[in-house]
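Survey of secondary and tertiary structure
Listed here are the chains, written in short residue letters.
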Amino acid sequence: NRKPTFSRGLSDKVRKSKAAPEIQKNPFEVKINRKKFDVLGRKSKHDVGLPGVSRSRAIQKRKDTLLKEFRLKDKNNTFIDRRFGEYDSKLTPEEKILQRFTLERQRTQDRKDMYNLNEEEELTHYGQSLAEMEKMTDVIDSDSDSEEKGLLSAELTATHFGGGGGLLRKKSAGDEEEEHKPRSRQELIEELIFKSKQEKRERQTQKEEAQELTEKLDQEWKSIQNLLAHKTPKAERTDETDKPKLDQYDMMVRELGFEMKAQPSEKLKSAEELAREERQRLQTLEADRLKRMMGDAEEDAVQTNTHVSADDMNDGFILDGDDRKTLAYKDGKWNIEGEEEEKEDEDGDEEGGEEEDEDDEDDAEGEDDEEEEGEDDEEDDADEDHCDLQSDEGSEDEDGQGAEEEQLCAEEPPAVSEEQKKAAQEAARAELPYTFPAPESYSDLKQLLQGHGSEQQRLILDRTLKCNHPSLSAGNKAKLQKLFGFLLEYVGDLATQNPPDLRTVSALIPQICGLCQMFPEAACKAVQTLLSDSGHSMEETLEVKGRAPMPDLDMLVLLKITALLFPSSDFRHPVTTPAFLFLSQALTRCAVVSLEDVCKGLVLCCLALEYVSLSQRIFPELLNFLLGLLHLTVSDKHNMGTAVCVCVCDLHREILDAIPEKPSQHAPLVFKKKKPIPLKLFTPKIVQILDYGKKRGNTKEEKERERLKHKYKREFKGALREIRKDTRFLAREKLSDVMSRDAERKRKVKELYGSLATQEGEWKALKRKNRK
Amino acid sequence: MAPSTDSNVKDENSQVSYKKDINTKTGRILQNKKHSNDIFDVIEYLQSEKDKEIIFATNACKRVFCQLFYRGDLYVGDLPQEEELMSGDRSAEEKYRIFMRHRYNNCVELLLENMGHEAFQVKEASLCALMKFVEAEGKHPLQNLDLIEHYIFPRELLRTLVEHLLSTEEDMSLLISRFQEFLEMDDVRYYVMSSVRDNIYRVMGRNKKAVIPVYQNNVYTLLSNINVPSQGSKMKHFLVKQAYRPEEWKAGKLKEHKRAFEQMWLLFLKFKLPSSMYKKILVILHESIMPQMSDPTLLIDFLSAAYDIGGAISLLALNGLFILIHKHNLDYPDFYKKLYSLLDPSIFHVKYRARFFHLVNIFLSSTHLPAYLVAAFVKRFARLSLTAPPTALLILLPFICNLIRRHPSCRVLIHRPSAAEEPCDDPYVIEEEDPAQCHALESSLWEIKTLQKHYHPDVAKAAMKINEPLTEQEEEISEVLELSTFELMERDLKAERKTIPLEFDTATELLKSPREVLGVHFSLE
């Protein structure tokens, strides 16, 4: 029903169309491909072939597609029949003719109207009247346009233009037919004209109305615009002044509307809650520490940073140890009043409280110690050790007895001392300026701090830290990071002074701690460099001389500070692990030649003990060193007096008491219970079957790549083959064309010759006749 | 002729004057026999107070006498006494030669004395001059010798030289190292070796085999500088060329050299040595002495003596013993027992720790050792590990694991599933010297279990390995053998860490922390 239009996609259409009818299974057509082996589970598509059939099918297909395209090559023009209802199978030929006729008549009618000047005939372009278009302003936009288009397309186009879409035409025509069949054609036409005029009028009024409305809307919009937009165009500012009252109110309303709603603030926490939070925080930290101690969470990213940020990072306020202590103290008291005292942090806090109380005592003891040392100086080293031990034990005993009393009177003394402190600080504050620049070099720091008392130095540092808090300026962070290194150096200097100024060192500890909390990385780096430097120098002296001196006091102080800053209980820690090794090196390789060395060694032992006190680890060098010291004393015993001997004997007895009677027993070792390894099962190996032969590549991407490559190759080959076949087919066709043309020509020539011959014969016969 | 007066008078001019003086005099001596008495003056300079004068005079003497040697102006043969010089009826020429020969002898004596001078330059110059004389004497022998029987070499002069070199009072190590260059010459080396041997024999015999540290140190320095070439074909470097049948000359044969070398060392080692000397010798023994000896097994006496001394010396003797056992098929009774008794805490602190562990590893690498023996070693090492520093522990723990891997029958030490769970006393007896009697196989390695709580993470991890069945693959210990504490420290210092945990209990004072120990025992100031 439709003339085939040859386009580019023609061959595709043919290919898609249903294949030729079922091939009859002619046994002479069938070719069977012999198989060499039978492989189980393999399905081959090509065991039976129909070469003749497939060839003929291919040729047929080419004839349908390629040949047609070839014939139409270089022929661009096609003939399309556009007559009304030409391809419509539903119309009967009679109806078709009738319709064509009416259309024809209408067209002639129109032509007649052209010369009728009374009636306006609208000229249109794309279904819009040209007059309208000329009048049109921007105000009327696409909305109304489309509306009109709809009107036009329905009836007008059908009436004005005979052409148009067949279906639409058909529908409208059908309708009209039903209604107006009885009326005459004249009437019909008149009606049509009337209708169209009415419509036109209506449209015009509509349009006017719309225009009016939009103008009105514009004006109204201008009045509102000021309210909506913050910035009013300059031109309209004048309008603003006209009606200020309304605007003000409106603005007010809007402002209130847009204003941020007040958020419900967090409830002010009571002391209790604060204490509980604090405790929880400490508990989590403690848990973290224990985890690290076990070495499981070595790489765990959850860090103590959180607690730093919780405290101070933002407001530039460094939490002082003191007020926290009071807080914790309350906490402790509260809990005593309650029922449970279980957690370690509380214990710690209580201890802290006690320690504060003990401070005075400690001092007293310290003095005693000094005196004793003075006496002991010429005495034996072990004696001193022993005395220390004794005094310690004594103090510990006291602690045990007087713990309760101390707790009772614990409330007042700290307060008093704090007041005193405050007074002192007040006095100091009066003298010191309030801001300090961050020192740029070590000498700057030294200048800043030298000549002040220890309490003042602490104040200076405190203020320096606050003035240069990283939140105040960008460069402050680097400055403070450097300051930490300088402080350590300064502390080292204080310790190596003669006499060492350890009180100041002690006073500076909170600042050092604060800095460390602010910049853990920088602090870690600084301590690491100090440790590695002194470790390296010790190693060198050991190599050169074979023995090294005991580390100096600054190193001891540094080790102590390390223990304060970093958790020594960690399984592995970038600072404390090297510190451990340094201690070990010092205890094993350093020569003990004087009483001073013994003292240093004992300090190192204490430090080592402190390092492992929480994690409960073994420190063999510590035992070795103490044993060595004991050996030293024993060899000296014969030279010394009996007093020393008695002391040693006492010590010996005490140690023996401390060691349990029975030698420790050990259970035989057994490996950890392990889950038994399951037997190997012979499950079939499942291999993905790919659409090409060999399995290549391991990863998914590689396999996919291989598959695509293979597919491409095959497609390429197939395409090549097809192209070759096409050219062969075409060549054959061309040849047959030439042959047929030649045959035709020959035939025609023969025909001509024949006719000529007969003509000639006739003519000759006539001549002969005439002659006769 | 007043030789030294002017030099004594003018100090500032002395430098120029003594040079001029000596130069003119040597010139005259060599020019004319008339002036031969000037040689007295030149020789006298050798006893001068000033080092420079001595050196200059030494060089002058060297020049003069070498020239005389060349001219044949020194008397050859048995030298008559100087007093008899006039009495006998000799020609003037002969008298001159005898005279000069006497001066030569004087000069040599003085030079030998100068080798004990305090200034090194003097010593060096004297040594060089003497070696020059040795060379000259070798070319122009002073004795009438039967060429067929004896090869020409001034043995006597070299012997006295060596005698002075190996002083019993003074450390001559610097001079000996200077002397080393002459030891490159094969004939010198050969004769030095034989004269050293004589010298040791005489000196030590005279001292009734007591220890003479200075002398022995000198001998050691000289001996350790002697290197026999590895191939006989390299022996072509001689101070004195032999005209007659050089191929049969002993100094040109490698075998003779080796024999001399061996005899020399054996004689030296036969006598009692100071302990530091033992260490020195044992350190170089396996590398530079044993390969150069013709029969190293002769060292067994020395090595077993050293092995019995104990301590570091025993450890060092192990190396030599190992070579003897390994390469020379030596049978050493109770070797393992002795090795066992060597193990004490000091092995972790000696300088030769790496070498010792390397050797012990080799000794215990055999899988044919009885289980009780290996168990005893393992147990002993484990016990010692309780006192070891971390660097030693990092060697020791993998080593123990390797031993258990090699000897699966020792696995009961770390895995005894049959035994009841209740704890019992350790049956191992540490005091027992005999590995067979120490009940090691009945014990367990609780020491390693203890070390799982060691403060150093690497050690703790290494100790953790005994909790599970050991892997088949042995761990390589060679790379940790030389590990020093500082290197171990650097591992942690250089490791990149993302976050640094901090102590959350902020401290307020130096001696105030939750777990204060230092503050309990000490106070500030």
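Please read all numbers here as calculations on a predicted model, not as lab measurements. (Residues numbered from 1 in each chain as written. Chains lettered and ligands numbered in written order. Predicted model: local features only at pLDDT ≥ 70, side-chain atom pairs only at ≥ 80, totals over all residues. Heavy atoms only, no water.)

**A word on the overall build of chain B**
Across its full length, chain B holds 22 helices and 0 strands. For chain B, buried positions account for 53% of its 525 residues. Sequence separation of 24 or more characterises 72% of the internal contacts of chain B that already satisfy a separation of 6 or more. Accessible surface, chain B as shown: approximately 24100 Å² in total, 50% of it carbon and sulfur. (Helix = DSSP H or I, 4+ residues; strand = E, 2+ residues; numbered from the N terminus. Buried < 20%, exposed > 50% of the residue type's maximum accessible area, 1.4 Å probe, protein only. Contact = heavy atoms within 4.5 Å. Areas by Shrake-Rupley, 256 points an atom, 1.4 Å probe, with all protein chains shown as cover.)

**Regarding the overall build of chain A**
Along the backbone of chain A there are 26 helices and 4 strands. Counting over 772 residues, chain A shows a buried share of 30%. Pairs at least 24 apart in sequence give 69% of the contacts found in chain A among residues at least 6 apart. Entry remark: accessible area of chain A is about 54500 Å², with carbon and sulfur atoms responsible for 55%.

**Topic: the pattern of salt bridges**
In this structure the tally under the stated criterion is 24 salt bridges over all chains. With a shortest N-O distance of 3.9 Å, A:Lys35 and A:Asp38 are connected by a salt bridge. The class of A:Lys35 is partly exposed, set by a relative accessible area of 47%. Residue A:Asp38 is classed as exposed on the basis of its relative accessible area of 72%. The closest approach of N and O atoms between A:Lys764 and A:Glu760, which form a salt bridge, is 4.0 Å. Of the two residues, A:Lys764 and A:Glu760 are both situated in helix H26 (residues 700-771); the distance of 4 residues between them amounts to about one turn of the helix. Classification of A:Lys764 by relative accessible area gives partly exposed; the value is 41%. Each of A:Arg572, B:Asp458, B:Arg491 and B:Asp492 takes part in salt bridges that share partners, so that together they form one network. (Salt bridge = Lys/Arg side-chain N within 4 Å of Asp/Glu carboxyl O.)

**Re the nonpolar core**
Inside soluble globular proteins, nonpolar side chains tend to come together where they are buried. Among the nonpolar cores identified, the biggest contains 239 residues, and B:Phe268, B:Ile281 and B:Phe381 are the most heavily contacted of them. Sort the elements by how many residues they give to this core and helix H18 (residues 390-406) of chain B lands first, with 11 residues. The next biggest cluster of nonpolar side chains, apart from the first, holds 5 residues, and it includes A:Leu66, A:Leu67, A:Phe70 and A:Leu730. (Core = buried A, V, L, I, M, F, W, Y, C linked by side-chain atoms within 4.5 Å.)

**Observations regarding the confidence of the model for chain A**
Residue and element names in this part refer to chain A. Confidence along chain A averages 70 in pLDDT terms, with 62% of residues attaining 70 or more. The least confident element of chain A, judged by mean pLDDT, is helix H12 (residues 321-337) at 36; the most confident is H26 at 93. In the model, residues 1-8 has pLDDT below 50 throughout and makes 7 contacts with residues more than four positions away in sequence or in other chains. This model gives residues 163-180 a pLDDT under 50, and the stretch forms 16 contacts once residues within four places in sequence are excluded. (pLDDT = per-residue confidence, 0-100.)

**Let's talk about the UniProt feature "transmembrane region" (unreviewed entry) in chain B**
Residues and elements named next belong to chain B. With numbering aligned to this structure, UniProt lists the feature "transmembrane region" (unreviewed entry) at residues 302-325, 356-378 and 384-404. Along residues 356-378 the backbone is 70% helical and 0% strand, and the end-to-end C-alpha distance reaches 16 Å. For the annotated span residues 384-404, helix accounts for 81% and strand for 0% of the residues, and the straight-line distance between the end C-alpha atoms is 17 Å. (UniProt positions renumbered as here; feature names shortened; annotations may be inferred.)

**Some thoughts on the interface of chain B and chain A**
How big an interface is tends to be expressed through the accessible area that disappears when the partners come together. Across the boundary between the two partners, chain B contributes 72 residues, which contact 92 residues of chain A. Both faces considered, chain B and chain A share a buried interface measuring about 7900 Å² in area, 61% of it formed by carbon and sulfur atoms. Considering only the surface of chain B that becomes buried against chain A, B:Tyr455, B:Leu502 and B:Phe504 emerge as the three largest contributors, covering 12% of it. In this structure, A:Arg572 engages B:Asp492 in a salt bridge whose closest nitrogen and oxygen atoms are separated by 3.1 Å. Our count for the chain B to chain A interface comes out at 10 residue pairs in polar contact (both at pLDDT 80 or more). Taken together, the elements giving at least two residues each to the side of chain B that touches chain A come down to helix H19 (446-451), helix H20 (457-464), helix H21 (485-494) and helix H22 (518-521) of chain B. (Buried area = accessible area lost by both parts, 1.4 Å probe. Polar contact = N/O pair within 3.5 Å; in protein donor to acceptor, adjacent residues only side chain to side chain.)

**Side note on a negative patch on the surface**
A cluster of like negative charges, contributed by A:Glu208, A:Glu209, A:Glu212, A:Glu215 and A:Asp218, occupies part of the molecular surface. Accessibility expressed as a relative area gives 52% for A:Glu215, which makes it exposed. (Patch = residues over 30% accessible without salt bridge, like charges linked within 9 Å, V, L, I, M, F, W, Y side chains within 5 Å. Lys, Arg positive; Asp, Glu negative; His and termini not counted. Charge placed at Lys NZ, Arg CZ, Asp CG, Glu CD.)

**Side note on the packing of helix H20 (residues 520-545) of chain A against helix H21 (residues 553-565) of chain A**
Residues and elements named next belong to chain A. Contact pair H20 / H21: the axes reach a minimum separation of 11 Å and the direction vectors enclose 140°. On the basis of their axis angle, the class for H20 and H21 is oblique. For the crossing formed where H20 meets H21, the hand is left-handed. On H21, the residues that touch Val527, Leu530, Leu531 and Ser534 of H20 are Met555, Leu558, Leu559 and Thr562. (Axes fitted to C-alpha atoms, helices over the stretch in contact; angles between N-to-C directions. Parallel < 35°, antiparallel > 145°, perpendicular 65-115°, else oblique. Left-handed = near helix turned anticlockwise from the far one by under 90°.)

**Considerations on H20(B)**
For an α-helix, the turn length of 3.6 residues means that residues three or four places apart are oriented alike. Most of H20(B) is tucked away: 6 of the 8 residues are buried. B:Pro457, B:Asp458, B:Val459, B:Ala460, B:Ala462 and B:Ala463 are the residues of H20(B) that are buried. Buried residues in H20(B) make contact with helix H22 (576-589) of chain A together with H18, H19 and H21 of chain B.

**Regarding the packing of aromatic side chains**
Within this structure, the stated rule accounts for 17 aromatic pairs over all chains. Ring plane angle 40° and centroid distance 5.9 Å describe the contact between A:Phe580 and A:Phe619, whose orientation is recorded as tilted. Taken together, the residues span a long stretch of sequence, with A:Phe580 in helix H22 and A:Phe619 in the loop between helix H23 (595-612) and helix H24 (620-637) at a distance of 39 residues. Centre to centre, the rings of B:Phe335 and B:Tyr336 are 5.4 Å apart; their planes meet at 85°, and the pair counts as edge-to-face. The class for B:Phe335 is buried, based on a relative accessible area of 7%. For B:Tyr336, a relative accessible area of 22% gives the class partly exposed. An aromatic cluster is defined as three or more aromatic residues linked by ring pairs; in this entry it consists of B:Tyr307, B:Phe322, B:Phe335, B:Tyr336, B:Tyr340, B:Phe363 and B:Phe377. If you follow B:Arg380 out to its NZ or CZ, it ends over the ring of B:Tyr340, 4.8 Å from the centre. (Phe/Tyr/Trp six-rings, centres within 6.5 Å; stacked < 30°, edge-to-face > 60°. Lys NZ or Arg CZ within 6 Å of the ring centre and 35° of its normal.)

**Quick notes on the side chain of A:Arg281**
Tracing the backbone through its elements, the reader meets A:Arg281 in helix H10 (residues 271-294). A polar contact of 2.9 Å, which involves the side chain of A:Arg281, links it to the side chain of A:Glu278.

**Some details on the environment of A:His573**
Here A:His573 lies in the loop between H21 and H22. The spacing of A:His573 and A:Met293 is 280 residues in sequence and 9.7 Å in space, taken between C-alpha atoms. Not counting chain neighbours up to four residues away, the residues in contact with A:His573 comprise A:Phe566, A:Pro567, A:Pro578, B:Ile500 and B:Pro501. One polar contact links the side chain of A:His573 to the main-chain amide nitrogen of A:Val575, over a distance of 3.0 Å. Within polar-contact distance, the side chain of A:His573 engages the backbone nitrogen of A:Thr576 at 3.4 Å.

**A word on the side chain of B:Thr391**
Residues and elements named next belong to chain B. Secondary-structure assignment places Thr391 in helix H18. For Thr391, a relative accessible area of 4% translates into the label buried. A distance of 3.5 Å separates the side chain of Thr391 from the side chain of Arg353, its partner in a polar contact. Among residues more than four places away in sequence, those in contact with Thr391 are Arg353, Leu483, Ser484, Thr485 and Leu488.

**What to know about the confidence of the model for chain B**
Residues and elements named next belong to chain B. Residues with a pLDDT of 70 or more make up 84% of chain B, whose mean pLDDT is 76. Confidence drops under pLDDT 50 across residues 1-12; counting only partners more than four residues distant or on other chains, this segment forms 11 contacts. The ipTM for the predicted assembly is 0.72, set against a pTM of 0.56.

**Details of unusual backbone geometry**
One non-glycine residue with positive phi stands out, namely A:Asp74, at about 60°. On the secondary structure map, A:Asp74 appears in the loop between helix H2 (51-71) and helix H3 (93-113). With a phi close to 60°, B:His439 is a non-glycine residue in the positive phi region. Along the chain, the position of B:His439 falls in the loop between H18 and H19.

**Some remarks on the environment of A:Phe436**
Residues and elements named next belong to chain A. Structurally, Phe436 can be placed in the loop between helix H15 (412-431) and helix H16 (442-449). With a relative accessible area of 10%, Phe436 lands in the buried category. Leaving out residues up to four positions away in the same chain, Phe436 has contacts with Leu448, Ile460, Arg463, Thr464, Cys467 and Asn468.

**Describing a positive patch on the surface**
Residues and elements named next belong to chain A. Together, Arg55, Lys63, Arg705, Lys709, Lys713, Lys717, Arg721, Arg724, Lys725, Arg728 and Arg732 line one region of the surface with positive charge. Looking at the positive patch, the elements with two or more residues in it are H2 and H26. The element contributing the most residues to the positive patch is H26, with 9 residues. Note that Arg732 resides in helix H26. Residue Arg732 is classed as partly exposed on the basis of its relative accessible area of 45%.

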